[in-house]
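Here's the letter readout for the chains.
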Amino acid sequence: MKFGGTSVGSPERIRSVAGLITKDDGDIVVLSAMSGTTNQLLEIADYMNKGNAVGAAETLERLRGKYAGVVKELFPDNDEWTAKANSDIKESIDAITSEISSYNGLQSEKNIVARGELMSTSLMLNYLLSCGVNAKMLPSLDYMTVNASGEPDSKEISAKLSSLLSEIGAAKVYITQGFICRDPEGNITNLQRGGSDYSASLVGAATGADEIQIWTDIDGMHNNDPRFVENTSPVRELHFEEAAELAYFGAKILHPTCILPAKLSNIPVRLLNTMEPLAEGTMIHNASPDHKIKAVAAKDNITAIKIKSSRMLLAYGFLSRVFEVFERYKTSIDMIVTSEVGVSVTIDNEQYLPQILAELKTLGTITVDRDMAIICVVGNLEWKNKGFEAAVVNALKDIPVRMISYGGSNYNISLLVRKEDKVKALSLLSEYLFNK
Ligand code: ADP
Ligand code: ASP
Ligand code: MG
């Protein structure tokens, strides 16, 4: 069971999560930092990166005040648990203070940001213990590891986790940190922003869980992005592939890589709403009985690159030379469309764009379009059905479309539009596909 930032964002929320996680025996509970905390910790590091120790100290002081208030409200009796909770929070605040005083860039930043999950889990553990629940801490820094490329090492995670679980023994509930882990040198690192979802599915896969539950602030995966479009509604069932496409292409409710460990172990993922625990939510598993369009999502900050080669006509090897350039610069391609004379691809990471463009110029004439957005339409869209692509194109008939990709998988149609047209495109798709 994974609970995100808003789900543990206040003493009241922590109490209600405590009720949800003690219904069964032996569940492993993955927690994010309280909402706002990760941003605040990154702000402290940002002040230090800019050489402003006063700004960092003032931000830390605000954070300290916030957590003092949380402890006071969560442990009103002022007993041994209040003291324990205060001393655990103090340990984190002291660790941040010492990191500020010997600040050394990226590693210090990672050590500071890890404190968010360490604080939220200590609050939950102490609260459960104060209620007499046999809860135990499963420190993620003792089992969650990534390799030199930042990829989780599932064999190692599984081995470490099972020996840790047998070492600490039976419990009503185990509490662990999302997001944070160790690199091969043993230094603290993390699974990127929003990575607690990934932690949860790695833990679920490593322990052979019956189900991985992602509890958040909305009743499951909606058919469109509720941050940009009105009248969205929950999708009750998704195939692993459909959910992975939506997560990768912008549905913030799931971290992009979170579906993979669950899919590989064939463990269903259920999205549930902490604010409305009885709502049905969304079931993500290895089935997609309905042949229909289920949801749309969008991803910003996309750059399209067109490489036009006069020699591509009847030539072989051109595409491989183009792809080699992206491979050399470890830049992944999201969308691709080809014609006899050229190829267009999209990337979302511009770090090596100048080098990539310089090399591509040896292969053909280049055009670059920046500030684009990928609109991803997802469902069980096997090509033998009729009308899916027509419906999508028809919905977007008044928006300039730079690329269309269909048939790469059974599960998606992707379109590239200007970023400024993104919200309009999403709204039109809702109107034409779901709310007619
Ligand atoms: P948590 O802190 O629990 O991880 P997030 O903020 O990361 O929560 O994810 C939940 C949010 O994702 C929702 O509040 C919603 O605004 C956003 N979201 C974006 N796209 C979707 C979608 N298709 N369905 C549901 N929520 C979405
Ligand atoms: N606390 C981290 C973040 O805000 C990880 C997470 O919430 O998933 O990005
Ligand atoms: Mg999240």
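What you see is a predicted model, and the numbers here were worked out from it, not measured in a lab. (Residues numbered from 1 in each chain as written. Chains lettered and ligands numbered in written order. Predicted model: local features only at pLDDT ≥ 70, side-chain atom pairs only at ≥ 80, totals over all residues. Heavy atoms only, no water.)

1. Topic: the pattern of salt bridges
Once the charged atoms of two side chains with opposite charge are near each other, the side chains can pair. For the coordinates displayed, the defined rule picks out 22 salt bridges. In this structure, D300 engages K422 in a salt bridge whose closest nitrogen and oxygen atoms are separated by 3.1 Å. One end of the pair, D300, is in strand β11 (residues 293-308); the other, K422, is in helix α14 (residues 422-434), and 122 residues separate them in sequence. The class for D300 is partly exposed, based on a relative accessible area of 26%. K422 sits in the buried class, given a relative accessible area of 6%. Here R418 ties to E420 by a salt bridge, and the two come within 3.7 Å at their closest N and O atoms. Salt bridges linked by common partners bring K299, D334 and D348 together as one network. (Salt bridge = Lys/Arg side-chain N within 4 Å of Asp/Glu carboxyl O. Helix = DSSP H or I, 4+ residues; strand = E, 2+ residues; numbered from the N terminus. Buried < 20%, exposed > 50% of the residue type's maximum accessible area, 1.4 Å probe, protein only.)

2. Side note on the packing of helix α2 (residues 37-49) against helix α5 (residues 106-113)
Following both chains from N to C, one finds α2 and α5 inclined at 155°, their axes separated by 9 Å at the closest point. Relative to α5, the element α2 lies roughly antiparallel. Both α2 and α5 take part in a crossing whose hand is right-handed. Contact with α2, carried on its side by T38, L41, L42, I44, A45 and N49, involves E109, I112 and V113 of α5 and no other residues of that element. Of the residues that constitute the contact of α2 with α5, the class distribution is six nonpolar, two polar and one charged. (Axes fitted to C-alpha atoms, helices over the stretch in contact; angles between N-to-C directions. Parallel < 35°, antiparallel > 145°, perpendicular 65-115°, else oblique. Left-handed = near helix turned anticlockwise from the far one by under 90°. Contact = heavy atoms within 4.5 Å. Nonpolar A, V, L, I, M, F, W, Y, C, P; charged D, E, K, R; others polar.)

3. Some details on the nonpolar core
Ranked by internal contacts, the top residues of the largest apolar core, which has 49 residues, are F3, I21, L123, M124, L128 and I175. Sequence-distant contacts of I21, that is, excluding residues within four places in its chain, are made with M1, F3, V29, M124, L128, V173 and I175. Among the nonpolar cores identified, the runner-up in size contains 34 residues, and V235, A251, A297 and C376 belong to it. (Core = buried A, V, L, I, M, F, W, Y, C linked by side-chain atoms within 4.5 Å.)

4. Things to note about the packing of aromatic side chains
Each aromatic ring pair is specified by the distance between its two centres and by the angle formed by the two planes. Tallied over the entire structure, the rule returns four aromatic pairs. With centroids separated by 5.5 Å and ring planes inclined at 20°, the aromatic side chains of F3 and W215 adopt a geometry described as stacked. Of this pair, F3 sits in strand β1 (residues 2-3) while W215 sits in strand β7 (residues 212-216); the two residues are 212 residues apart in sequence, bridging distant segments of the chain. Residue classification places F3 among the buried positions, given a relative accessible area of 0%. Ring centres of Y248 and F249 lie 5.1 Å apart, and the angle between their planes is 85°; this geometry places the pair in the edge-to-face category. Taking the relative accessible area as the measure of exposure, Y248 reaches 30% and is therefore partly exposed. (Phe/Tyr/Trp six-rings, centres within 6.5 Å; stacked < 30°, edge-to-face > 60°.)

Read these as spatial facts, not as claims about activity.
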